[in-house]
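# Structural features, examined
Residue-level listing of the chains:
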Amino acid sequence: MVYDTATVAKKSKYASAQAHKFQDINPVKIFILSSLVQLGAVISQEYSLEYGTDKIEMHVGAVQEGERALVIDDLIATGGTLCAAISLLERVGVKVVECACVIELPDLKGRDRLGDKPLFVLVS
Ligand SMILES: O=P(O)(O)OC[C@H]1O[C@H](OP(=O)(O)OP(=O)(O)O)[C@H](O)[C@@H]1O
Ligand SMILES: Nc1ncnc2[nH]cnc12
């Protein structure tokens, strides 16, 4: 599969001028969850972690209603982060077609919180 790529930012450790956009060649956008804060107009989604709360942000205009997205993160534990990313995208009318993580911690049952949303993992 080939994707058009952008970045959803998570947390406030660093600043970035804009979402990374790598390719523009097809119908699915990739949102990579990363520890960046977006500059400019954003929409946010707060969520619960195992300890405390956090939020993810996305540029207004990073996606258009009706687009399709793949959300990628390094790890799924409780699933809160991926659920927040899905909510953020769905709030602006984007269809999240799949999530993908490098590592899954199955004991924390994050997969269950995704409902019927497909989740691809490399290591579980
Ligand atoms: O499924 P969840 O319970 O939401 O956990 C998964 C999240 O936990 C880690 O981030 P963390 O908040 O530890 O910070 P990091 O991004 O700095 O690694 C990881 O990068 C995921 O984003
Ligand atoms: N249980 C966990 N182990 C390692 N990294 C994590 N990030 C969020 N939850 C985690």
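Quick summary incoming for the structure in this document. (Residues numbered from 1 in each chain as written. Chains lettered and ligands numbered in written order. Predicted model: local features only at pLDDT ≥ 70, side-chain atom pairs only at ≥ 80, totals over all residues. Heavy atoms only, no water.)

Now for the site of ligand 2. Inspection of the region around ligand 2 gives Glu 50, Leu 75, Ala 77, Leu 105 and Leu 108 as its neighbouring residues. For the shell around ligand 2, the residue count by class is 4 nonpolar, no polar and 1 charged. (Near = heavy atom within 4 Å. Nonpolar A, V, L, I, M, F, W, Y, C, P; charged D, E, K, R; others polar.)

Another aspect to go through is helix 1 (residues 80-91). The terminal C-alpha atoms of helix 1, which comprises 12 residues, lie 16 Å apart, in line with the 16 Å expected from a rise of 1.5 Å per residue. Of all 12 residues in helix 1, 9 are buried, a share of seventy percent or more. One or two steps after helix 1, the chain reaches Gly 93, where phi turns positive at roughly 85 degrees. (Helix = DSSP H or I, 4+ residues; strand = E, 2+ residues; numbered from the N terminus. Expected span 1.5 Å × (residues − 1). Buried < 20%, exposed > 50% of the residue type's maximum accessible area, 1.4 Å probe, protein only.)

Core analysis: the biggest nonpolar cluster contains 25 residues, and Met 58, Val 71, Leu 82, Leu 89 and Leu 119 have the highest contact counts within it. Listing elements by their share of this core, those giving two or more residues are strand 2 (28-38), strand 3 (42-48), strand 4 (53-59), strand 5 (68-76), helix 1, strand 6 (95-104) and strand 7 (119-123). No other element matches the 7 residues that helix 1 contributes to this core. With near-sequence residues (within four places) excluded, Val 71 lies in contact with Phe 31, Leu 33, Leu 82, Ala 85, Leu 89, Val 96, Glu 98, Cys 99 and Ala 100. Membership of the second largest hydrophobic core comes to 5 residues, among which are Val 28, Ile 30, Leu 70 and Val 97. (Core = buried A, V, L, I, M, F, W, Y, C linked by side-chain atoms within 4.5 Å. Contact = heavy atoms within 4.5 Å.)

Here the focus is the side chain of Gln 45. By the element assignment, Gln 45 lies in strand 3. Gln 45 gets classed as buried once you look at its relative accessible area, which sits at 18%. Among the polar contacts listed, one links the side chain of Gln 45 to the side chain of Arg 91, at a separation of 2.8 Å. Other than its neighbours up to four places away in sequence, Gln 45 contacts Asp 54, Lys 55, Ile 56, Ala 84, Ser 87, Leu 88 and Arg 91. (Polar contact = N/O pair within 3.5 Å; in protein donor to acceptor, adjacent residues only side chain to side chain.)

Another point: the environment of Ala 85. Relative to the helices and strands, Ala 85 is located in helix 1. With a relative accessible area of 2%, Ala 85 lands in the buried category. Separated by 33 residues in the primary sequence, Ala 85 and Gly 52 have C-alpha atoms spaced 17 Å apart. Among all residues touching Ala 85, those that are not within four sequence positions of it are Leu 33, Ile 56 and Val 71.

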